[in-house]
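Coordinate analysis (summary)
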Amino acid sequence: MNAATVDTHCPYCALQCGMGLRPAGPGTGTAAGARAAGAPAAGGPGVEVVERPGFPVNRGALCGKGRTAAELLAPGARLTTPLVRNTDTGVLEPAGWDEALDRVAAGLRRTGAAHGRDAVGVFGGGGLTNEKAYALGKFARVALGTSQIDYNGRFCMSSAAAAHGRAFGLDRGLPFPLADVARTGCVILVGSNLAETMPPALRYLTELRENGGKLIVVDPRRTRTAEQADLHLAPRPGTDLALALGLLHLVVAQGRTDEEFIAARTSGWAEARSAAMAHWPEMVERITGVPVPQLREAVELFCDAASSMVLTARGPEQQAKGTDTVGAWINLCLATGRAGRELSGYGCLTGQGNGQGGREHGQKADQLPGYRKLDDPAARRHVAEVWGVDPDELPGPGRSAYELLDALGRDVRALLLMGSNPVVSAPRAAHVEERIRSLDFLAVADVVLSETAALADVVLPVAQWAEETGTTTNLEGRVLLRRRALAPPPGVRTDLEVLNGLAARLGREKGFPTTPEEVFDELRRASAGGPADYSGITYRRIAEEDGVFWPCPQLPEGGSPTDHPGTPRLFLDRFATPDGRARFVPVTHRPADEETDDAYPVVLTTGRVLSQYQSGAQTRRVAELNAAEPGPFVQLHPRLAERLGIADGEPVAVVSRRGRAVAPARVSGAIRPDTVFMPFHWPGEGRANTLTNPALDPTSRMPEFKVCAVRLEAVRTGGAVETVEVGGSERNPGA
Ligand SMILES: Nc1nc2c(c(=O)[nH]1)N[C@H]1C(S)=C(S)[C@@H](COP(=O)(O)OP(=O)(O)OC[C@H]3O[C@@H](n4cnc5c(=O)[nH]c(N)nc54)[C@H](O)[C@@H]3O)O[C@H]1N2
Ligand SMILES: Nc1nc2c(c(=O)[nH]1)N[C@H]1C(S)=C(S)[C@@H](COP(=O)(O)OP(=O)(O)OC[C@H]3O[C@@H](n4cnc5c(=O)[nH]c(N)nc54)[C@H](O)[C@@H]3O)O[C@H]1N2
Ligand code: SF4
Ligand SMILES: [Mo]
């Protein structure tokens, strides 16, 4: 690697793969010249992505998204000037930065003055760096004085976060480095399609099996990940809670609990035990469709291993009972002594680039930096002092993401949005889109003209990952440094500069620095003493140590800031609860918010494909990725397709109580016959979120993205629609 190569990390998912960026001439760079149709080719990206084999998490490997990430840096592929809506013509027109920021400040101020501070909302994203997430939360509470801030991480891992907090007293996605996965004895991977969503991580599962370990995958589809498994359980979507309870029932019935561990390190077992005992294996088979012998086999593999892990992702979490579902999997770990020990434990595979750090530093509705609670008087005092404000000035907790979007145009009448594209990614998206259109004022900071930015009154073009320095915290809780490798094109500013400019216009000249390291140093002080303590972490240390795991407090008196080693493994001595014991939570199965019936006899579940990322705002603009997965589809079983008279590739309409979406059928034996799957990366006719159910988990406020009831209609050429009755009686997948 030559001296000009800058070590940094991928802009996309929570694996935060290490990569290098090397200067490239104009018109060159990764897959240069292959930009999405319609994007003017005005100069190349300036840098190209190269491998960084020394970084331990991905050891040089990158997926196609990471490999092509530099494409969007090209000036012709992204926004390079602010856009302001002409009030006469209704058209977005190029404008100068002063005019754009004046318009945003005026729009936010006007709404606050007319309707109260809480009529102004802020919506953030788990892709924002720690510095940005911190500054955005502070901006909402201090510069706007509003309680109405939340972010897309609510749609992501909030159920696992809530369950973590309840059971362990602390929420860090993985309580151990990812590499530990290769050395444990058995992994149950629940609702994660790692092979497509974090491809370089698949090697740890491969190594696990090479080392003699066992892999169990729980997914209603036989995914590329499930194909690697020793045992694949394919439950009906929305029934993971019953499945986990059924396994725990068998553990107890077979006398495979770890009584010593339960007595020494946990509380609440008696209640959780009796709740689980109500879930007989035969009943669980009826609810989930997973045959009892497979349940028994899973228990054997899990308990026979000397150490084992349960890892969950969005499958079991994005349910209106996601918190209880994760709680049930944690109970299984606790009852078998598979937690708080080397190579054993429960972990959540966090999703977005800064999904972990983004949920720690204050862009969440109920939260202050350092994973502190907004309703805790001591937390308010500490953070108010760092911010130089009166604790009484800080607003209280606000609405959760969907509730905030649902309130737009009514209680919340102006919105500043940074790092999300809810027109595509929010549940019941047609309704959300209508709410966004009804706003008095919308400002969006983005790198491209996303579907949501296209509705804004003002669009602010911001710098991208390679053009600014900042930290992210990956799925392991490892704090990483992304380094600036090149300057943004003229006309582009950073998110921190946007917040600084707006704060100044709102009367806060001070307190919103634009230098990332200055923001990080303030974040360190704000987080000091909190659950996610970053005070001992510095940019220099991160660079020297391949990242630092939080908590990493700054040691007092006599110690130097570099003294604390960071915490790769949590809970080995005690859990983070007041008494140090992990808490069992007694949970029982309940049905999905929307069960199938005669009118809507099929289950719809949703998720991701390898080559597109999230709302697709970025990856749909990268030609190589778009060519690999150009559009939406409906994955359905051959028996279901046959009954509909649908051939592979023909359009099929999916109808739910929220709306109707049309996309080509992808006929495949790799899905249950009672279930269809749609990826959610596209807007328009094939938008999966037109269909999804915004029913919320009572604790985490997570929407039920992973299960709703639909019916299918064959779309005949000529436009005529034929509704075909399809029963939901078949249970066993791919059998
Ligand atoms: N290529 C790509 N990679 C990504 C992303 C992306 O958009 N594209 N996004 C990133 C982000 S933010 C996230 S959150 C992660 C998500 O990563 P994953 O959680 O792996 O992704 P999903 O495809 O949403 O869901 C995983 C699996 O859950 C299954 N599933 C559906 N319903 C159920 C159910 O009821 N129970 C169970 N057990 N399984 C079910 C689906 O069939 C799917 O295979 O990926 C990250 N990485
Ligand atoms: N049906 C269904 N819906 C889902 C899910 C599902 O599984 N099924 N998954 C949910 C999950 S887990 C997630 S995480 C959400 C994600 O969905 P979104 O919140 O829509 O996420 P992205 O598409 O990543 O949107 C990020 C936007 O911010 C821009 N951006 C990127 N970096 C920056 C930056 O540094 N600053 C600024 N200002 N902008 C930036 C991007 O260009 C993009 O327009 O979708 C959720 N929606
Ligand atoms: S796995 Fe995630 S972090 Fe790694 S290259 Fe792909 S998108 Fe980037
Ligand atoms: Mo996510």
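Residues numbered from 1 in each chain as written. Chains lettered and ligands numbered in written order. Predicted model: local features only at pLDDT ≥ 70, side-chain atom pairs only at ≥ 80, totals over all residues. Heavy atoms only, no water.

1. Considering the pairing of strand E25 (residues 651–655)
- In terms of burial, E25 is largely enclosed, as four of its five residues are buried.
- For E25 and strand E26 (residues 660–667), the ladder comprises five bridges, and the chain directions are antiparallel. Bridged to Ala-653 within E26 is Val-662.
- Counting the residues between successive antiparallel strands, the hairpin from E25 to E26 contains four residues.
- As defined by bridge partners, E25 adjoins strand E30 (residues 708–715) across four bridges and the pair is classed as antiparallel. The partner of Val-652 across the bridge, within E30, is Ala-714. (Buried < 20%, exposed > 50% of the residue type's maximum accessible area, 1.4 Å probe, protein only. Helix = DSSP H or I, 4+ residues; strand = E, 2+ residues; numbered from the N terminus. Pairing = 2+ DSSP bridges.)

2. Side note on the domain arrangement of the chain
- Taken domain by domain, the chain consists of domain 1 (6–77), domain 2 (83–155 + 362–377 + 391–466 + 486–514), domain 3 (174–348) and domain 4 (602–731).
- Inter-centroid distance (C-alpha atoms) of domain 3 to domain 4 is 27 Å.
- At the interface, 26 residues of domain 3 touch 26 residues of domain 4.
- Counting only elements with at least two residues in the side of domain 3 that touches domain 4, the list comes to helix H5 (194–197), helix H10 (281–288), helix H12 (314–317) and helix H13 (322–335).
- Each residue belonging to the side of domain 3 that touches domain 4 can be placed in one class, and the counts come to seven nonpolar, nine polar and 10 charged. (Domains from an automatic or database assignment. Contact = heavy atoms within 4.5 Å. Nonpolar A, V, L, I, M, F, W, Y, C, P; charged D, E, K, R; others polar.)

3. Points about the sheet that holds strand E1 (residues 6–9)
- The three strands are arranged E1-E2-E3 in an open sheet whose pairing can be described as antiparallel. Since the sheet does not close on itself, it has two edges, and those belong to E1 and strand E3 (47–51), each with one partner. Adjacent strand axes in the sheet meet at a mean angle of 40° when their direction is disregarded.
- Bridge count between strand E2 (residues 18–23) and E3: five bridges; the pairing is antiparallel. For Met-19, the partnering residue across the bridge sits in E3 and is Glu-51. (Axes fitted to C-alpha atoms, helices over the stretch in contact; angles between N-to-C directions.)

4. Let's talk about the site of ligand 2
- If you check the shell around ligand 2, you find 31 residues, and the closest are Asn-152, Ser-420, Ser-425, Asp-446 and Ser-615.
- A distance of 2.7 Å is found between an oxygen atom of ligand 2 and a side-chain nitrogen or oxygen belonging to Ser-425.
- Note that a nitrogen atom of ligand 2 is positioned 3.1 Å from one of the side-chain N or O atoms of Arg-608.
- Coverage of ligand 2 by the protein chains reaches 95% of its 930 Å² of free accessible surface. (Near = heavy atom within 4 Å. Polar contact = N/O pair within 3.5 Å; in protein donor to acceptor, adjacent residues only side chain to side chain. Areas by Shrake-Rupley, 256 points an atom, 1.4 Å probe, with all protein chains shown as cover.)

5. Some words on the pattern of salt bridges
- One pass over the structure, following the stated rule, counts 44 salt bridges.
- The partner of Arg-341 in a salt bridge is Asp-258, and the shortest N-O contact between them spans 3.2 Å. In this pair, Arg-341 sits in the loop between H13 and strand E13 (345–348) while Asp-258 sits in the loop between helix H7 (240–253) and helix H8 (259–265), placing the two residues 83 residues apart along the sequence.
- Residue Arg-437 pairs with Glu-433 through a salt bridge whose shortest N-O separation is 2.9 Å. Note that Arg-437 and Glu-433 are positioned in helix H17 (residues 429–437) at a spacing of four residues, about one turn of the helix. (Salt bridge = Lys/Arg side-chain N within 4 Å of Asp/Glu carboxyl O.)

6. Some details on the site of ligand 1
- Not every one of the 33 residues close to ligand 1 is listed here, only the nearest: Asp-219, Asp-240, Arg-608, Gln-612 and Gln-614.
- Between ligand 1 and Asn-193 there is a distance of 2.7 Å, counted from an oxygen atom to a backbone nitrogen or oxygen.
- Between Gln-612 and ligand 1, the recorded distance is 2.7 Å, taken from a backbone N or O atom to a nitrogen atom.
- Structurally, ligand 1 is housed in the second largest cavity.
- For the shell around ligand 1, the elements supplying multiple residues, two or more each, are H5, H12 and strand E23 (602–607).
- Classifying every residue of the shell around ligand 1 by side-chain character gives 10 nonpolar, 15 polar and eight charged. (1 Å grid on protein atoms, 1.4 Å probe; cavity = no way out; pocket = protein on both sides within 12 Å on 5 of 7 lines; lining within 4 Å. Sits in = over half its atoms within 2 Å of the grid points.)

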